[in-house]
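# Structure at a glance
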Amino acid sequence: MKKRVVITGMGAVSPLGNTKEEFWNGLVGGKSGIAPMVSLDLSSYKSKLGGEIRDLQPEIHLGKKGLRYLNKGTLFLGSATKMALDDSKLPQDGSLEDRIGIVIGSSLGNFSETTDYFYEIIRGNPSELSPMLSYDVALNSSINYVSVIFKVKGPVRTVSAGFTSSLNAIEDASRMIQNGMAKVMIAGGVEQISIDLYLIFYLRKYLSGIKGGLEISAPFDIQRNGFIMAEGSYIIILEELQHALERGAVIYGEIKGFGNTYIGGKNYSTLERVSSVEKAMQEALRNAAIKKEDLDCMSANASGCKIQDPIEANAIQFLYGEDVKHIPISAIKSNVGESYGTAGAAQLVSTVMSINTGIIPHIINHAEKEPENNLNLVLGKPLQKKINHAIINNMDYEGNNMCMVVSRFA
Amino acid sequence: MAKVVITGLGLVTPVGTGLKKSWESFIQGRDGANEMKSFDTSLYKVHRSCEVKDFQLDVELENQIIENTIHKYVYYAAREAMRESGLMDDRNSDRERFGIAIGTLAAELTPFERLLRKDTSLKNNGFDKIVAAVYPPNSITSILAKYFNFEGPAMISLNACSSGNHAIAWAYDRLMDNKLDVAMVGGGDMIPQTEFTHFHNLKALAPDKCQPFDKNRKGLMIGEGAGILIMERYEYAKKRGATIIAEMAGYGLSCDGFHMTAPHPEGDGAVKCMSDALKMAKINPLDIGYINAHGTGTPHNDKTETAAIKRVFGGRAYKIPCSSTKSMIGHLMGAASAVESVICCLVLRHGIIPPTINYETPDPECDLDIVPNVAREVKVSRIVNNSFAFGGNNATTIFSKLE
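Remember, it's a predicted structure, so these values are computed and weren't measured experimentally.

Conventions we followed
- Note on numbering: residues in each chain are counted from 1, in written sequence order.
- Each chain takes a letter, starting from A, and each ligand takes a number, starting from 1, following the order in which they are written.
- Reporting of local features is limited, given that this is a predicted model, to residues whose pLDDT is at least 70; pairs of side-chain atoms are given and counted only at 80 or more, and all residues count toward the totals for whole chains, interfaces and linings.
- Where side-chain values are given, they derive from all heavy atoms of the structure, hydrogens and water being excluded.
- Going along the chain from the N terminus, every DSSP run of H or I of four or more residues is numbered as a helix, and every run of E of two or more is numbered as a strand.
- With the radius of gyration taken over C-alpha atoms, the globule rule is written as 2.2 Å times the number of residues to the power 0.38.
- In this scheme, a residue with accessible area under 20% of its type's maximum is buried, one over 50% is exposed, and one in between is partly exposed, where area comes from a 1.4 Å probe on protein chains only.
- Throughout, a residue-residue contact means that at least one pair of heavy atoms, one from each residue, lies within 4.5 Å.
- For the purpose of charge, His is not counted, nor are the chain termini; Lys and Arg are scored as positive and Asp and Glu as negative.
- For charged residues, the charge sits on one atom: NZ in Lys, CZ in Arg, CG in Asp, CD in Glu.
- Definition used in this section: a nonpolar core is a set of buried Ala, Val, Leu, Ile, Met, Phe, Trp, Tyr and Cys residues joined via side-chain atoms within 4.5 Å.
- Domain delimitation in this document rests on an assignment produced automatically or drawn from a domain database.
- Values labelled buried area give the accessible surface lost by two parts on being combined, using a 1.4 Å probe and summing over both.
- Note on definitions: salt bridges are taken to be side-chain nitrogens of Lys or Arg within 4 Å of carboxyl oxygens of Asp or Glu.
- We define a polar contact as two N or O atoms separated by no more than 3.5 Å, with the added condition that, inside protein, one atom must be a possible hydrogen donor and the other a possible acceptor, whereas residues neighbouring each other in sequence contribute only through side-chain atom pairs.
- Basically, the charged four are Asp, Glu, Lys and Arg, the nonpolar ten are Ala, Val, Leu, Ile, Met, Phe, Trp, Tyr, Cys and Pro, and anything else, Gly included, counts as polar.
- Take the residue count of a helix, subtract one, and multiply by 1.5 Å to get its expected span.
- Only C-alpha atoms enter the line fits that serve as axes; for helices the fit covers just the stretch in contact. Angles between N-to-C directions range over 0 to 180 degrees.
- Any angle from 65 to 115 degrees is called roughly perpendicular, while one under 35 is roughly parallel, one over 145 is roughly antiparallel, and all others are oblique.
- Paired strands are those between which DSSP finds at least two bridges.
- Each crossing is labelled by how the near helix is turned from the far one, with a counterclockwise turn of less than a right angle marking it left-handed and a clockwise turn marking it right-handed.

Per the secondary structure count, chain B includes 12 helices and 15 strands. Computed over C-alpha atoms, the radius of gyration of chain B comes to 20 Å, within 12% of the 22 Å expected from 2.2 N^0.38 for 403 residues, which places it in the range of a compact globule. Seen through its C-alpha atoms, chain B measures out along the principal axes to roughly 65 × 55 × 40 Å. Within chain B, the proportion of its 403 residues that are buried is 69%. Taking as baseline every contact in chain B between residues at least 6 positions apart, the subset at least 24 positions apart corresponds to 78%. With 45 positive and 47 negative side-chain charges, chain B shows a spacing of 2 Å between the two charge centroids.

In this section: the overall build of chain A. The number of helices and strands found in chain A is 12 helices and 15 strands. Oriented by its inertia axes, the alpha-carbon framework of chain A measures out at about 65 × 55 × 40 Å. Here chain A, with 410 residues, has 67% of them falling under the buried criterion. For chain A, contacts bridging at least 24 residues in sequence account for 78% of all contacts bridging at least 6. Placing the 41 positive and 43 negative side-chain charges of chain A at their respective mean positions leaves the two points 3 Å apart.

What follows deals with the nonpolar core. One finds Ile7(A), Phe23(A), Ile170(A), Leu238(A), Leu348(A) and Met231(B) to be the most contacted residues of the largest nonpolar core, which totals 94 residues. Sorting elements by how many residues they give to this core places helix α12 (residues 336–350) of chain B first, with nine residues. Domain assignment of the residues forming this core places at least three in each of domain 1 (5–253) and domain 2 (257–407) of chain A. Every residue in contact with Ile7(A), bar those within four places of it in the chain, is listed here: Ile236(A), Ile237(A), Leu238(A), Val250(A), Ile251(A), Tyr252(A), Gly253(A), Ile255(A), Leu348(A), Val352(A) and Val406(A). With 79 residues, the next largest nonpolar core counts Leu207(A), Met82(B), Ala204(B) and Ile230(B) among its residues.

A word on the domain arrangement of chain A. All names here are of chain A. By the assigned domains, chain A splits into domain 1 (5–253) and domain 2 (257–407). Measuring from the centre of the C-alpha atoms in domain 1 to the corresponding centre in domain 2 gives 21 Å. On the domain 2 side, the residues contacting the 62 residues of domain 1 number 63 residues. Across the interface of domain 1 and domain 2, roughly 4900 Å² is buried in total on both sides, 67% from carbon and sulfur atoms. Measuring nitrogen to oxygen at the nearest pair gives 2.8 Å for the salt bridge that ties Glu 370 to Arg 224. Summed over the shared surface of domain 1 and domain 2, the number is 24 residue pairs in polar contact (both at pLDDT 80 or more). Looking at the side of domain 1 that touches domain 2, the elements that each hand over two or more residues are β1 (5–13), α1 (20–28), α6 (165–178), β6 (184–191), α7 (195–203) and β7 (232–240). By residue number, the principal contributor to the side of domain 1 that touches domain 2 is α6, which donates seven residues. For the side of domain 1 that touches domain 2, the class distribution of residues is 30 nonpolar, 25 polar and seven charged.

The subject of this paragraph is helix α6 (residues 163–176) of chain B. The terminal C-alpha atoms of α6(B), which comprises 14 residues, lie 20 Å apart, in line with the 20 Å expected from a rise of 1.5 Å per residue. With 13 of 14 residues buried, α6(B) is to be regarded as a mostly interior element.

Helix-helix packing is characterised by the crossing angle of the two axes and by the distance between the axes. All names here are of chain B. At a closest axis distance of 12 Å, the pairing of helix α1 (residues 19–28) and α12 adopts a crossing angle of 75 degrees. Comparing their axes, α12 and α1 come out roughly perpendicular. Mapping the contact onto sequence places Leu 19, Trp 23 and Phe 26 in α1 and Val 342, Ile 343, Leu 346, Val 347 and His 350 in α12. Class assignment of the residues belonging to the contact of α1 with α12 gives a composition of seven nonpolar, one polar and no charged.

A separate point is the interface of chain B and chain A. Every contact between the two is made by 71 residues of chain B and, on the other side, 68 residues of chain A. Both sides of the chain B and chain A interface together cover about 5800 Å² of buried area, and 58% of this is carbon and sulfur. It is Leu158(B), Asn201(B) and Met260(B) that lose the most area in chain B upon contact with chain A, and together they represent 12% of the buried surface on that side. If you look at where chain B meets chain A, you find six salt bridges. Close ionic contact of Arg174(B) with Glu171(A) constitutes a salt bridge, the shortest N to O distance being 2.7 Å. In this structure, the connection of chain B to chain A is made through 22 residue pairs in polar contact (both at pLDDT 80 or more). If you list the elements that add at least two residues to the side of chain B that touches chain A, you get α3 (109–118), α4 (127–131), α5 (139–148), β6 (154–157), α6, α7 (193–201), β9 (246–255) and α9 (268–281) of chain B. When the residues that make up the side of chain B that touches chain A are grouped by side-chain class, the tally is 33 nonpolar, 22 polar and 16 charged. Where strand β5 (residues 156–160) of chain A and β6(B) come together, two bridges link them in antiparallel fashion. Paired with Ser160(A) across the two strands is Ile156(B), which belongs to β6(B).

Residue and element names in this part refer to chain B. In terms of burial, strand β7 (residues 182–189) is a largely internal element, eight of the eight residues being buried. With burial as the criterion, each face of β7 is covered, one bearing Val 182, Met 184, Gly 186 and Gly 188 and the other bearing Ala 183, Val 185, Gly 187 and Asp 189. Two elements, strand β5 (residues 98–103) and β7, share six bridges in a ladder whose sense is parallel. Looking at the pairing, Phe 98 lines up with Val 182 of β7. Sheet topology note: the β7/strand β8 (residues 225–233) ladder contains eight bridges and is antiparallel. By the bridge assignment, Met 184 is partnered in β8 with Ile 230.

Residue and element names in this part refer to chain B. Direction vectors running N to C along α9 and helix α10 (residues 299–313) enclose 40 degrees, while the axes themselves pass 9 Å from each other. Classed by the angle they form, the pair α9 and α10 counts as oblique. Note on packing geometry: the crossing formed by α9 with α10 is right-handed. Across the interface between the two elements, Asp 268, Ala 270, Val 271, Met 274, Ser 275 and Leu 278 from α9 touch Ala 308, Ile 309, Arg 311, Val 312 and Phe 313 from α10. A class-by-class count of the residues in the contact of α9 with α10 yields eight nonpolar, one polar and two charged.

Moving on to the pattern of salt bridges. As a working rule, side chains carrying opposite charge can pair if their charged atoms are close by. According to the stated counting rule, one finds 38 salt bridges over all chains in the structure shown. Where Glu338(A) meets Lys333(A), a salt bridge forms, and the shortest distance between an N and an O atom there is 3.1 Å. The class of Glu338(A) is buried, set by a relative accessible area of 1%. The buried category is assigned to Lys333(A), whose relative accessible area is 3%. In this structure, a network of salt bridges that share partners links the residues Lys2(A), Arg157(A), Glu171(A), Asp172(A), Arg175(A), Arg174(B) and Asp177(B).

With that settled, consider the side chain of Thr325(B). All names here are of chain B. Along the polypeptide, Thr 325 turns up in the loop between β11 (322–323) and α11 (326–329). With relative accessibility at 0%, the residue Thr 325 sits in the buried group. Residue contacts for Thr 325: discarding those within four places in its chain leaves Tyr 290, Asn 292, Glu 340, Ile 343 and Pro 354.

If you want it as structure tokens, here you go:
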């Protein structure tokens, strides 16, 4: 019998605010975390908007000492982890020893810090660069800091699977608890906006406004023309049920199951891509032993991408057929943008808040659906509904599809 | 009882491209160190590393990506492993149950550096041309999925120098849970100037040769290459009549939670990770016949690792051959533990242990049987493979003969 995995803490550093409360209030208040980017000089590029982290005060969470050596992603991840651990009321003095581990998803990890270091190398005399500067030159530097700060002695892993990295990480962390490798896992994702990453997306023509015209994060909307990139960190504390019960923890929800399909690399047809997403949802449901009729809401991957949004919409329609009207669908990327490697974790935090408050946030920036889209999108205002079971979709441009079912603890 | 087995191996190392050449070099104790060719080291105090020599991809690949990047090493090793496993032309399998997990430390850094070095003004003017050549790390799994027709879950393990063992552990869990039938796992890395500078400025690089466990050891040497293993559920391999090379018996993971670059002085994390691996594999420490040490050749690592091995194996530690193949090929970073896992499987197959070369002066603090300078024929059926990364990120894997 596999061990049950529950959620006992959450932390968020998001474009809507730097606590999970601000993130959630922003979502249900229909606010947008998207604005002209200030951390990058985009004067010569057409897409200028982004979901940046503003006014984070990491010293509140991590203390002042040594902060100036930490890169942006580490500050996001460290702050979100601290808030999640505080929320869980677990000890932070190292007394959990090897019973606590971390798995974090990140698509590129600390790639931009690594390339920054290379500019320093070719500009001057590499031998004279301070070793302190080079702490960031592994793609998993951020997680190393966090493991040291919080004295984590169990399994520590960074997973990169493109846009689905954070749900892959949460699946991995859940499995570690189920297999008895740890009692508590810090899981989630982190991403930081950098010029490197901006250009990777820009050159692949993923970004909204790239061909001129409206720059907007408009999931499932006819005016959508790409996504708006965002950054942040969303952390979930996963705990083995018995461990949580014994210490009298507040339980926010239960991880029920995952579905993962992959059609990377090949030139698959649109229909094959649709069926791959549908299959991931079915697998998650089967894995969770829950029928699709029992799902009370869905958190869509939809980011405003011209091609991907209809693939997801069709997959949902295939899954439900005539009944598609019964499942309310949210798309929080309308508020926070596409935070790629941590997007799935953001959706999980939002979905767990929905389970605990009975509110599903509405999709903003929405004018009109595609005519053939019959989905029951939550529009205009948040929807009040008791939620027992929810599904989260997370898709990558390289063909990785990740779905998960999360439920009220019962 | 479910089991996971290895049915294919592939290697690209600084002492040979392909399994055969690499293995011959290992048992001859060849040193793969050379004067650095891929970039100018005149501004550094160290000028040597272990580069892959004479590598040529003998097929024309339709996709340009593979030309300049670590994809080519990974692809080569993967193809060799797939051919050996007999899955290359297999048409009967459900490819949705074929997964991929690849470890890397630096991913696509080298092509990025090469372009920027050519024209430093590109940073301010035409930077997008450089970035166009950079692919996200998961492009590695996409390439493999495409060429070898894998349609199951895929991940890239970014866990610095234990990335390869993490990838193996990831696949082991999913094979044991019957989520996958087959997994292509391993690691690949090239030598980026960034990492060279990083290790150089930490004073971790040896000037001319890597001397693990030697009293006068001066540090590690950076290496490059790739190692791939085909892992399968035992039942699946048996059913399709595959030749089984070894059993992947278990793993252990731990974190020092102690310091960004220094290992825990008593090796607490290393002890836990070896002990957990033995426990998962249900193997008595007395039955271990060989340890492929992390053995980087830095003063810190070799001393701590020796102490940790003694804590796990007690008095028996002195009787277990424990060599560092990094003495020959250097530290392959994200590919290191994957390549070393392939070596462990080859040791099981051939019954020969590759030596720790460049060994001159004994160190009382590193007094295990490190198989100095000359390969040794032994009967061995259970092997421990250690990897302890910066940040205290530890991963140990265990391979054994199938019983």
